[in-house]
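Residue strings, one per chain:
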Amino acid sequence: EVLLGYFDTDGAGVTATRSMAPTRALIAGRLAIDGFELLADNPSFEFGDLGWDKVSGTWAIEANTPRSGSFAANCTAVASELRSNQRVKVEPGDVFYGEVWARLASGTSGGFKARIAWFDGAGAALSNSDGTEVTGSTTYQQATVTATAPASAKYASISCVRSTAGAQLMFFDDTVLQRENVDVQIITATGTWTKPTRARSVKVVCIGAGGGGGGG
């Protein structure tokens, strides 16, 4: 899903629209994008394996018991990894959150986890940050990971990982990779705001009734 914000040259006339597209091609005059990030292409496999690399194991995308939408990824072998090939720009010290959802076709044999892979500026793999392993079941379970970008990291991506053995098919769906908030500040009076370290954008929320046209 892509959220586009359109601005006139003087910043007026803001509109927004949402669209689902299998590519990242954007064509618009005077386009400004800020305050949000698209961190994973095709996160729920609705466009097959577009945007995903089969790092290890045998993977298929099928219209079979998805958590949402119409499709899910599946695998059988232990140590199987399916990794998004969209690499998000990072700086050392950035904090990222990732999640994946998975279920087994039957039984409770087999575990899975979410993984954030880190890469240097040349695209070479540096290390992985794995979340806690979750034991699979016949209903979708969530696995999460929160990790800090290591020294020399310039890019990150999210992976679905089947981490322990089991003969049953395991289905994966609904992946997430997002940058955590750097800071949240509540402004109660007029003053000067100083940009926190590593902040890239700011979202201002007006809560409740307020003067000068402010509102909830």
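To be clear, the structure that these remarks concern was listed above.
Presented here is an overview of the structure given in this document. (Residues numbered from 1 in each chain as written. Predicted model: local features only at pLDDT ≥ 70, side-chain atom pairs only at ≥ 80, totals over all residues. Heavy atoms only, no water.)

**Some remarks on the overall build of the protein**
- Helices and strands together make up the secondary structure of the protein, namely zero helices and 14 strands.
- For the protein, the α and β elements follow one another from N to C terminus as β-β-β-β-β-β-β-β-β-β-β-β-β-β.
- Within the protein, the proportion of its 216 residues that are buried is 35%.
- Relative to all contacts within the protein whose residues are 6 or more apart in sequence, the contacts with residues 24 or more apart total 68%. (Helix = DSSP H or I, 4+ residues; strand = E, 2+ residues; numbered from the N terminus. Buried < 20%, exposed > 50% of the residue type's maximum accessible area, 1.4 Å probe, protein only. Contact = heavy atoms within 4.5 Å.)

**Description of the sheet that holds strand β5 (residues 72-75)**
- Strands sit in the order β4-β5-β14-β8-β12 across an open sheet of five strands; the sheet is antiparallel. The outermost strands of the open sheet, each flanked by one partner alone, are β4 (59-62) and β12 (141-148). With direction set aside, neighbouring strand axes in the sheet form an average angle of 30 degrees.
- Here strand β8 (residues 95-104) runs beside β12; their pairing, made up of eight bridges, is antiparallel. Within β12, the residue paired with tyrosine 97 across the bridge is threonine 146. (Pairing = 2+ DSSP bridges. Axes fitted to C-alpha atoms, helices over the stretch in contact; angles between N-to-C directions.)

**Re the state of the cysteines**
- Taken as a whole and assessed by the stated rule, the structure comprises zero disulfides.
- Sulfur of cysteine 160: no disulfide; nearest cysteine sulfur belongs to cysteine 75 and is 8.7 Å away. (Disulfide = S-S within 2.5 Å.)

**Describing the pairing of strand β13 (residues 155-162)**
- Summarising burial for β13: seven of the eight residues are buried, a large majority.
- Where strand β6 (residues 80-84) meets β13, four bridges bridge the pair, whose relative direction is antiparallel. Counted as the bridge partner of leucine 82 is cysteine 160 from β13.
- Direction of pairing for strand β7 (residues 88-89) relative to β13: antiparallel, over a ladder of two bridges. In the sheet register, lysine 89 faces β13, and the bridge partner there is tyrosine 155.
- Both strand β9 (residues 111-119) and β13 contribute to a ladder of eight bridges, which runs antiparallel. Following the sheet pairing, phenylalanine 112 is matched in β13 by arginine 162.

**Here we look at the pattern of salt bridges**
- Per the counting criterion, the structure on display carries seven salt bridges.
- Between aspartate 130 and arginine 115 there is a salt bridge whose closest N-O contact spans 2.6 Å. One end of the pair, aspartate 130, is in strand β10 (residues 125-130); the other, arginine 115, is in strand β9, with 15 residues separating them in the sequence.
- On the accessibility criterion, aspartate 130 (35% relative accessible area) is partly exposed.
- Given a relative accessible area of 13%, arginine 115 falls into the buried group.
- A single network of salt bridges, built from pairs that share partners, joins Glu81, Arg83, Lys113, Arg115 and Asp130. (Salt bridge = Lys/Arg side-chain N within 4 Å of Asp/Glu carboxyl O.)

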